[in-house]
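The chain contents come next:
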Amino acid sequence: MTEGVAPGLLFGSNADGGNVPVPSNMFIHDNNGRTLLSLSGDGSAPSVINYLGRPALAFRSGYNWDILGNDWQSLKSLQIPQQAFAQSHLQTNADGTKALVTMKRLAAVDLTPHGGAKDAKVLESVVHEVDLATGKTTFQWSSLAAGAAQIPFDDSQVPIIANVDYVGLNAAAYDTDGKILLSASSTGSVYKLDQATSAFTWILGGERNQFEFTGTNAAPRRPIDASREPSTGRLAFLDDDAAASARSVSYVLDETAKTAKLVWQWAPEEGLSDVRTGGNQILPNGSRLVTFGGKGAVAEVTPAGKVVFESQVPAGVEIDRAQRAAWSAPGFDAVDIGASTSYDEGKIPISASWNGATDLVSWRVSAGPDKDHLTPVLTAPATGLETTLRAPIAPTTVVYTVTALDKNGTPIPGGTSSIQYVDEIIKAVSLLPDPSVMGTPLGLPTLVGTGWVREFSAGLGYYSYAGTGTVLIHGPLAQAYQALGGITGPLGPPTGPAATYADGGGALPLGNKTLVWSAATGARTLTGTISSTWRRTSNPAAKFGYPTSDTVKDPSGAGCLQTFALVRLYASSCDTGQAFPVSGAIGTRWDSLKQWLGYPVDFPQAVGGRQMQRFQNGAILSTPNGATTFVFGGIYARWQELGGPTGFLGLPTTDELPVGDGIGRVSEFERGSIYWSPKSGVGEVHGGIRTRWLQLGGPTGFLGYPEDYERAYAGTAAGGRYSSFQRGLLVWSPETGVHEVHGAIGSRWQGSMHNGFWLGFPLTDEMPAGSGRGSYQVFQNGAIFWSPQTDAQIIRGAVGEKWATQGWDSGWLGFSTWEEMPVNGGVIQRFEGGVITWGPSAGAHMMPHAFNQVFSPTNMGVATTDVLTTPGGQAQYVLYERGAAYTDYAASSKTDTIPIHGGIWAKYQSIGTHNSCLGLPNTREYDGSTPGTRTQYFANGTLTWSAATGQTVAKCYNGKTY
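Residues numbered from 1 in each chain as written. Predicted model: local features only at pLDDT ≥ 70, side-chain atom pairs only at ≥ 80, totals over all residues. Heavy atoms only, no water.

The protein is annotated in an unreviewed UniProt entry as Aryl-sulfate sulfotransferase from Yinghuangia soli.

**Quick look at the overall build of the protein**
Regarding its fold elements, the protein presents ten helices and 73 strands. On C-alpha atoms alone, the protein measures out to a radius of gyration of 56 Å, which is more than a quarter above the 30 Å that the 2.2 N^0.38 rule sets for 962 residues. In terms of overall dimensions, the protein has a C-alpha envelope of 165 × 100 × 45 Å along the principal axes. Counting every position in the protein, which comprises 962 residues, the buried fraction comes to 51%. (Helix = DSSP H or I, 4+ residues; strand = E, 2+ residues; numbered from the N terminus. Rg over C-alpha atoms; globule rule 2.2 N^0.38 Å. Buried < 20%, exposed > 50% of the residue type's maximum accessible area, 1.4 Å probe, protein only.)

**Observations concerning the pattern of salt bridges**
Scanning all chains against the criterion turns up 41 salt bridges. The residue Glu255 makes a salt bridge to Lys192 at a minimum N-O spacing of 3.3 Å. Here Lys192 lies in strand E14 (residues 189-194) and Glu255 lies in the loop between strand E19 (247-254) and strand E20 (259-266), a separation of 63 residues in the sequence. Using a relative accessible area of 28% as the deciding quantity, one classes Glu255 as partly exposed. A relative accessible area of 3% places Lys192 in the buried class. Between Asp591 and Arg568 there is a salt bridge, and its shortest N-O distance comes to 3.1 Å. In this pair, Asp591 sits in helix H5 (residues 584-597) while Arg568 sits in strand E44 (residues 568-571), placing the two residues 23 residues apart along the sequence. According to the relative accessible area criterion, Arg568 is partly exposed, its value standing at 22%. (Salt bridge = Lys/Arg side-chain N within 4 Å of Asp/Glu carboxyl O.)

**Some points on the environment of Pro658**
Inspection of the secondary structure puts Pro658 in strand E50 (residues 657-658). Under the relative-accessibility criterion, Pro658 is labelled exposed at 57%. Excluding residues that lie within four positions of it along the chain, Pro658 makes contacts with Gly664 and Arg665. (Contact = heavy atoms within 4.5 Å.)

**Brief notes about the environment of Val659**
As for its position among the elements, Val659 is in the loop between E50 and strand E51 (665-669). Along the primary structure Val659 and Ser677 are separated by 18 residues, whereas in three dimensions their C-alpha atoms are 9.2 Å apart. Sequence-distant contacts of Val659, defined by excluding residues within four places in its chain, comprise Gly664, Arg665, Val666, Tyr675, Pro699 and Tyr705.

**Quick word on unusual backbone geometry**
We note that Trp72 has phi near 70°; this positive angle belongs to a residue other than glycine. Tracing the backbone through its elements, the reader meets Trp72 in the loop between strand E6 (64-68) and strand E7 (74-79). One non-glycine residue with positive phi stands out, namely Ser198, at about 55°. Turning to its location among the elements, Ser198 is positioned in the loop between E14 and strand E15 (199-204).

**Structural notes on the sheet that holds strand E52 (residues 672-677)**
On the basis of which strands lie adjacent, the open sheet formed by four strands has the order E50-E51-E52-E53 and antiparallel pairing. Every interior strand has two partners, whereas the edge strands, E50 and strand E53 (681-685), have only one. Bridge analysis of E51 against E52 gives five bridges, and the strand direction is antiparallel. Following the sheet pairing, Arg665 is matched in E52 by Trp676. Running at roughly 35° to E51, helix H6 (residues 633-641) makes contact with E51, E52 and E53 of the sheet. Sitting on the sheet, helix H7 (residues 687-695) touches E51, E52 and E53, and the angle it makes with E52 is about 55°. (Pairing = 2+ DSSP bridges. Axes fitted to C-alpha atoms, helices over the stretch in contact; angles between N-to-C directions.)

**Digging into the state of the cysteines**
A complete count under the given rule lists two disulfides for this structure. Covalently, Cys560 is tied to Cys574 through a disulfide, its sulfur atoms 1.8 Å apart. Residues Cys560 and Cys574 are joined through a disulfide that is right-handed, its torsion about the S-S bond being 100°. Here Cys560 is found in strand E43 (residues 560-563), whereas its partner Cys574 is found in the loop between E44 and strand E45 (580-582), with 14 residues between them in sequence. Given a relative accessible area of 7%, Cys560 falls into the buried group. Residue class for Cys574 comes out buried when judged on its relative accessible area of 16%. (Disulfide = S-S within 2.5 Å.)

**With respect to the nonpolar core**
Counting 32 residues, the largest nonpolar core has Ile350, Trp363, Leu389, Tyr400 and Val402 as its most contacted members. Put simply, the parts of the chain that give this core at least two residues each are strand E27 (347-353), strand E28 (362-368), strand E30 (386-392), strand E31 (399-405), helix H1 (424-430) and strand E35 (451-456). Per-element tally for this core: the top contributor is E31, with four residues. Excluding anything up to four places from it in sequence, Tyr400 contacts Ile337, Ala339, Ile350, Val365, Ser366, Ala367, Ser418, Ile419, Gln420, Tyr421 and Val422. (Core = buried A, V, L, I, M, F, W, Y, C linked by side-chain atoms within 4.5 Å.)

**Remarks on the side chain of Ser186**
With respect to the helices, strands and loops of the structure, Ser186 is situated in the loop between strand E13 (180-184) and E14. Aside from chain neighbours lying at most four places away, what touches Ser186 is Ser156, Gln157, Val158, Asp165, Tyr166, Val167 and Gly168.

**Observations regarding the pairing of strand E61 (residues 791-795)**
Counting buried positions along E61 gives four out of five residues, so the element sits mostly inside the fold. Taking the residues between adjacent antiparallel strands as the criterion, strand E60 (residues 782-787) and E61 are bridged by three residues.

**Thoughts on H5**
Under the 1.5 Å per step criterion, the end-to-end length of H5 is only 17 Å for 14 residues, more than 12% shorter than the ideal 20 Å. Where H5 bends most, the angle comes to about 60°, and this point is Asp591. All of the buried residues in H5 are Ile586, Gly587, Arg589, Trp590, Leu593, Lys594 and Leu597. Contacts from the buried residues of H5 go to E44, E45, strand E47 (610-615), strand E48 (618-622) and strand E49 (628-632). (Expected span 1.5 Å × (residues − 1). Bend = angle between axes of the 7 residues up to and from the residue.)

**Some points on the packing of aromatic side chains**
Inspection of every chain in the model, using the stated rule, returns 44 aromatic pairs. With a centroid separation of 6.1 Å and an interplanar angle of 55°, the aromatic rings of Phe544 and Phe564 are classed as tilted. Of this pair, Phe544 sits in helix H4 (residues 540-544) while Phe564 sits in the loop between E43 and E44, and the two are 20 residues apart along the sequence. Clustering of aromatic rings is evident, with ring pairs tying together Tyr501, Trp534, Phe544, Tyr546, Phe564, Phe580 and Phe603. In this structure, Arg288 is placed above the aromatic ring of Trp264, and the distance from its NZ or CZ to the ring centre is 4.1 Å. Its guanidinium or amino end placed over the ring of Phe309, Arg324 lies 4.9 Å from that ring's centre, counting from NZ or CZ. (Phe/Tyr/Trp six-rings, centres within 6.5 Å; stacked < 30°, edge-to-face > 60°. Lys NZ or Arg CZ within 6 Å of the ring centre and 35° of its normal.)

**Some points on the sheet that holds strand E5 (residues 54-61)**
Taken together, four strands build an open sheet; the order of strands is E4-E5-E6-E7 and the sheet is antiparallel. The sheet is open, and its two borders are formed by strand E4 (47-51) and E7, each paired with just one other strand. For this sheet, the mean inter-axis angle between neighbouring strands, taken without regard to orientation, is 30°. Pairing between E5 and E6: five bridges, direction antiparallel.

**Digging into the pairing of E30**
Burial along E30 is one-sided: Thr387, Leu389 and Ala391 are buried, while Glu386, Thr388, Arg390 and Pro392, pointing the other way, are not. Where E27 lies against E30, seven bridges are found, and the strand directions are antiparallel. Residue pairing for E30: Ser353 is matched across the bridge by Glu386.

**Let's talk about the side chain of Asp809**
With respect to the secondary-structure elements, Asp809 resides in the loop between helix H9 (797-805) and strand E62 (816-823). An unpaired buried charge is present at Asp809: no salt bridge exists, and Arg773, the closest side chain of opposite charge, is 6.0 Å distant. A polar contact of 2.5 Å, which involves the side chain of Asp809, links it to the side chain of Ser771. Beyond its immediate stretch of four places on either side in the chain, Asp809 contacts Ala769, Gly770, Ser771, Arg773, Phe785, Trp803, Gly814 and Phe815. (Lys, Arg positive; Asp, Glu negative; His and termini not counted. Polar contact = N/O pair within 3.5 Å; in protein donor to acceptor, adjacent residues only side chain to side chain.)

Shown next, in the form of structure tokens:
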């Protein structure tokens with residue numbers, strides 16, 4: 001209903017609908033229900049205010065208030081400090097110089113008197129009076145502030161609990177005398193606040209009511225949006241009730257006598273109780289616009305109580321305070337156009353919208369061949385925020401515009417859209433360097449599958465919604481495509497732009513296929529991997545030539561092939577991966593090796609003056625004169641691992657060849673060889689190691705095949721290199737050259753490296769020992785000797801030099817049975833026939849096993865002499881650092897030795913040893929007859945040592961005592 005409705009537009013907003021699918025939105029509607037503005041966002045309803053004498057639009061954005069002119073430019077942004085909750089309202093005074101802004105914030109209070117916590121918080125109501133010119137607050141009131149205008153908890157009609165909105169401030173408006181009317185639904189009161197005294201002039205309703213009410217059901221329950229009626233001076237507001245219906249009321253007040261007479265009230269017939277929020281706008285014609293916020297309803301009611309306008313949002317959606325006001329503005333952004341190519345009887349649907357344009361009444365569509373030649377083809381009324389226009393479009397039409405018109409049919413400034421193309425196909429044609437290549441349009445687009453097709457006299461245009469975009473095909477390629485069934489044929493629609501080549505040929509992508517045409521070869525279809533390879537290749541017509549056949553399965557393999565003018569393209573998989581060309585000498589050689597090498601895996605490339613192409617299991621190289629070589633299998637893999645054509649081995653100089661033993665294979669390279677055998681796998685040799693290996697018989701020699709590639713030693717052995725073979729190593733260093741190590745000697749040498757590289761590199765190969773019973777090998781810092789009876793033992797340093805003086809392994813000591821080990825501050829090394837000891841001071845000395853006293857518990861140290869003989873040859877002896885050992889002259893075998901040490905040795909040595917009256921020892925030291933003594937017998941007397949005195953006494957049988 002619109003008869004009797006006050007002039008102006010309807011402003012409002014709704015909250016998020018929760019379970020109802022209605023988003024938060026700010027809106028402007030006209031009286032016919034047409035939406036003029038729709039803005040999503042969590043803000044208040046936009047309202048028209050007087051801003052410094054001019055109309056402006058105000059709305060809350062977050063915690064700030066934005067004020068805009070009717071050109072949508074910002075006039076002022078009011079930043080209200082400490083605002084904690086978004087529900088707030090703004091009203092200005094009559095001349096637009098001041099504004100009242102309501103807000104709520106959390107305040108700390110002691111709720112123990114009300115059964116709550118001492119440190120609780122409640123919502124405090126606040127009003128700011130703001131100077132609109134400066135944006136500064138000139139007066140502030142808060143409900144908890146001490147003073148005459150404080151609202152105590154006792155005023156509240158709701159339970160006092162944590163976070164409660166105990167005042168329910170919902171509006172602040174200027175009274176006719178400039179004082180402030182506060183509407184408080186939680187206290188059931190309207191307060192009149194005097195800014196000058198910061199005190200309430202009066203309180204209407206609630207616990208502290210100061211008025212006597214007259215009239216039926218006159219006392220208010222929950223006042224909302226109180227204000228003065230401009231023409232009558234009556235106090236009007238929306239009175240909410242938890243049980244009865246909310247009502248719009250008017251009172252005649254006697255502020256001196258404190259009487260309030262209810263003279264007018266209206267409630268909706270259906271009854272809307274507990275609306276909680278809302279508004280009661282007094283309109284210029286005396287009607288009022290009543291908002292039932294919690295119920296999502298708006299009604300415009302005349303003074304006679306007649307409802308002339310109603311609005312209702314879906315149940316469950318709350319709305320903010322609505323306003324009716326005059327407002328004129330263009331759209332706040334450019335005209336928005338959305339077009340569909342769903343042509344119907346030569347008409348195109350065009351969606352037109354200009355959000356915020358209040359004077360928009362109708363739309364005009366103008367079309368033509370270009371932007372400079374537009375003719376009106378349709379004028380139609382605007383039916384909503386978005387209007388669908390069905391404009392008649394000729395096949396030759398290229399562009400159009402849409403213009404917003406006011407009630408007089410006059411274009412609204414800024415209300416003409418940008419140039420729009422009729423469809424994407426005609427747009428693409430118009431943007432060609434020479435649109436004439438497509439000829440003239442033969443009709444409007446038709447829908448085929450998920451795209452649109454436009455036929456031209458010399459071509460075809462296709463636009464897909466599936467993401468392909470617009471494809472234009474013209475000339476012989478278009479004719480060939482059409483001859484094969486075109487878009488509805490077996491090839492299907494294009495999936496990418498057509499390509500045109502320098503010689504006039506072309507290609508059209510069609511899913512996993514490509515249609516290629518040239519004057520010489522006609523039209524051929526590329527499929528799968530070969531199709532995708534053609535598309536990925538830069539200038540494929542020059543690299544491959546045009547196809548001379550369609551794609552087919554490879555009769556000699558699992559892949560696909562296709563012949564071209566210059567090459568053959570092969571793919572190991574018909575559906576995935578990439579295809580590669582083979583041609584020339586490489587192609588000819590590959591034909592005979594295909595079953596071993598597999599399919600090509602890359603393009604031919606120039607390397608070292610040759611062409612090389614890789615295949616699945618190898619590579620073929622060709623020289624400029626057409627000679628070819630190939631590498632294959634494990635040898636190829638190792639060559640690639642070592643750098644391939646750019647590695648140190650260089651390029652192959654032979655095919656893979658059989659080795660003379662009939663077992664292995666070999667490929668020769670510019671700087672080395674790679675061998676393979678079933679047991680050794682793949683190994684590489686080069687340089688001096690390769691030369692020495694071949695001298696030793698190569699793969700048929702005792703070392704066998706290489707098992708790896710040449711490697712460098714690290715750590716203390718840095719600088720050396722080695723290659724592993726089946727039965728040994730070849731080792732090289734700059735100082736020693738190349739030598740082999742193998743067998744037990746080789747194992748012992750490698751084992752010595754666990755404790756550092758102290759033995760050094762080999763100086764010789766392994767050689768037979770002089771005794772004929774074993775072998776040996778010399779290293780930088782020693783040698784390793786081996787025999788079947790003794791295994792491999794390292795001999796070095798002074799011990800080795802001493803051993804050499806008795807004839808190496810051919811001497812009486814024979815082979816070493818035990819490598820040197822530390823003992824008594826020196827070292828000892830055992831041999832078959834005896835031992836050699838060495839000490840820093842004593843040097844190296846050798847002796848039969850009988851004289852080895854170094855492990856004696858007496859700790860005599862190491863030997864300081866070789867074996868000596870007493871005068872007359874009765875006995876042999878060896879001197880040690882702290883003693884001596886003599887053969888037992890009385891024993892028949894002469895192999896037992898008697899040690900002399902400690903204090904007894906010191907005494908024996910001081911009187912001349914075996915040259916004294918004691919003669920030679922014939923017993924070991926033992927406990928004497930007196931406790932704490934040790935005694936040793938000699939041929940002609942005794943030596944006794946006393947622990948108590950530390951003295952040793954010598955007694956000869958001739959009666960002499962020392």
